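Results of the structural survey
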Amino acid sequence: MKNGTAYLTLQNGKQFVGKRFGADGDIIGELVFTTGMTGYIETLTDPSYYGQIVMQTFPLIGNYGIIPSDFESKKPWVSAYVVREKCDEPSNFRCEKTIDEFLSESGIVGLYGIDTRELTKIVREAGVMNAAITSKPLKDLSLVNGYVIKNAVDSVTCRELQYYGNPNGIKLVVWDFGAKDNIIRGLVKLGCYCIKVPSFYTAEQILELNPAGLMLTNGPGDPADNKGIIENLKKLAGKLPIFGICLGHQLLALAMGGKTKKMKYGHRGANQPVKNLVTGRVYISSQNHGFEVVTSSLRAGKLSYINVNDNTCEGIDYPELNAFSVQFHPEACGGPHDASYLFDKFIINIKDGKYNA
């Protein structure tokens, strides 16, 4: 029932009572939290959140409403959305509707009135876990315990070629694993002609397009599940300049013999500090990932960035392949923009035909 009581039940049996907003219905997903104070529109429409119940740690969400021109994809991909307080009277000259209206139209279950501080502490201490939102208290946890995100990349990728920018610009293939639109916007601004191709494209099909470079995008799920992509990436490495972001960073590491593992609660938000190991400079970055590249597993390339909070791998350079990748999001539309220079670096690599540190 709209605005009725609903129950959030964690995999460990802990239960929270809240109020519904958005669409009606019951849902199971992987519960994660994100710490951004702004950027909730980008969060909702980021395909990397496929299969996940997303909780915002910032207590008031929706105060500038919904602005379609800020979308990162055509629709929201979250399984459900949990907030402390929702704003029903947004104030912004670009606002077109409330967050409640948007979730209702999109079929996304929302829950508010939850103590998100307590919930965040639980996830930080116990780690990411599955959860369910139901109309009645949940007693049987078997479906919650058994939930696994499957076919994530295939579910969010485009199904056919899409073209962006000036055809006379630098031709790039954007390999779509769940691409955020701002990656393409950033490349187009630099004069690139982007051809977005589905995740199931082969190395041969990509090379037939004769691109000057290859962008490996963000996306959802366990990177190790994408065996076909990894095998095709092995064939492409060294054949053309490559730039990988988030999932693209992880897939390139796996193709080069590295390993990935699931993190306790991941990095999600707009305030993650990353350190450039060459210059020593620290950047504040936007991130959204639950898996990391295991630094000790690297068989190729060199570590370029680390997370200041936990020393996890945040970037790898592959000088011999004219390729590099980062775990964070240099294109972050909701900010910060500290690392946007990496797009320029990619273009320089393409133009020079060699790696530029």
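Scroll up a little and you will see the structure.
The notes below deal with the structure included here. Small disclaimer: the values here were computed from a predicted structure and weren't measured.

Across its full length, the protein holds 10 helices and 19 strands. Computed over the C-alpha atoms, the radius of gyration of the protein is 20 Å, within 12% of the 21 Å expected from 2.2 N^0.38 for a compact globule of 357 residues. With 357 residues in all, the protein has 57% of them scored as buried. Counting only contacts in the protein whose residues sit at least 6 apart along the sequence, the fraction spanning at least 24 positions is 73%. Counting 38 positive and 36 negative side-chain charges, the protein places the averaged centre of each group 4 Å from the other.

Turning to helix α6 (residues 181–189), its buried residues number three or more, namely Asn182, Ile183, Ile184, Gly186 and Leu187. Buried residues along α6 sit in contact with β10 (162–164), β11 (170–175), β12 (192–197), β13 (213–216), β14 (242–245) and α10 (341–352).

Now for the packing of aromatic side chains. What characterises a pair of aromatic rings is the spacing of the ring centres plus the angle enclosed by the ring planes. All told, the structure shown has 11 aromatic pairs when counted by the stated rule. A ring pair is formed by Phe243 and Phe324, whose centres lie 4.4 Å apart and whose planes are at 20 degrees; its orientation type is stacked. Of this pair, Phe243 sits in strand β14 while Phe324 sits in strand β19 (residues 323–326); the two residues are 81 residues apart in sequence, bridging distant segments of the chain. An identical accessibility class is assigned to Phe243 and Phe324; each is buried. Consider the rings of Phe243 and Phe343, whose centres lie 5.8 Å apart with planes at 75 degrees: the pair is edge-to-face.

Another point: the packing of helix α8 (residues 227–236) against helix α9 (residues 247–255). The N-to-C vectors of α8 and α9 enclose an angle of 70 degrees; their axes lie 9 Å apart at closest approach. Here α9 runs roughly perpendicular to α8, going by the angle between their axes. Between α8 and α9 lies a crossing of right-handed hand. Between α8 and α9, the residues in contact are Ile229, Ile230, Leu233 and Lys234 and Leu251, Leu252, Leu254 and Ala255, respectively.

Note: α-helices contain 3.6 residues per turn, so residues at a spacing of three or four share the same orientation. Those residues of helix α2 (residues 99–106) that fall on the buried side of the exposure criterion are Ile99, Asp100, Phe102 and Leu103. Seen along its axis, α2 keeps its buried residues to an arc of 165 degrees; they face one direction. Next to the buried residues of α2 lie β2 (15–22), α1 (40–44), β5 (60–61), β6 (80–82), β7 (85–86) and β8 (109–112). Gly107 lies just past α2 and shows a positive phi near 75 degrees.

Basis of the calculations
- Residues numbered from 1 in each chain as written.
- Predicted model: local features only at pLDDT ≥ 70, side-chain atom pairs only at ≥ 80, totals over all residues.
- Heavy atoms only, no water.
- Helix = DSSP H or I, 4+ residues; strand = E, 2+ residues; numbered from the N terminus.
- Rg over C-alpha atoms; globule rule 2.2 N^0.38 Å.
- Buried < 20%, exposed > 50% of the residue type's maximum accessible area, 1.4 Å probe, protein only.
- Contact = heavy atoms within 4.5 Å.
- Lys, Arg positive; Asp, Glu negative; His and termini not counted.
- Charge placed at Lys NZ, Arg CZ, Asp CG, Glu CD.
- Phe/Tyr/Trp six-rings, centres within 6.5 Å; stacked < 30°, edge-to-face > 60°.
- Axes fitted to C-alpha atoms, helices over the stretch in contact; angles between N-to-C directions.
- Parallel < 35°, antiparallel > 145°, perpendicular 65-115°, else oblique.
- Left-handed = near helix turned anticlockwise from the far one by under 90°.
- Arc of directions from axis to C-beta.

Function cannot be inferred from these measures alone, as they are strictly geometric.
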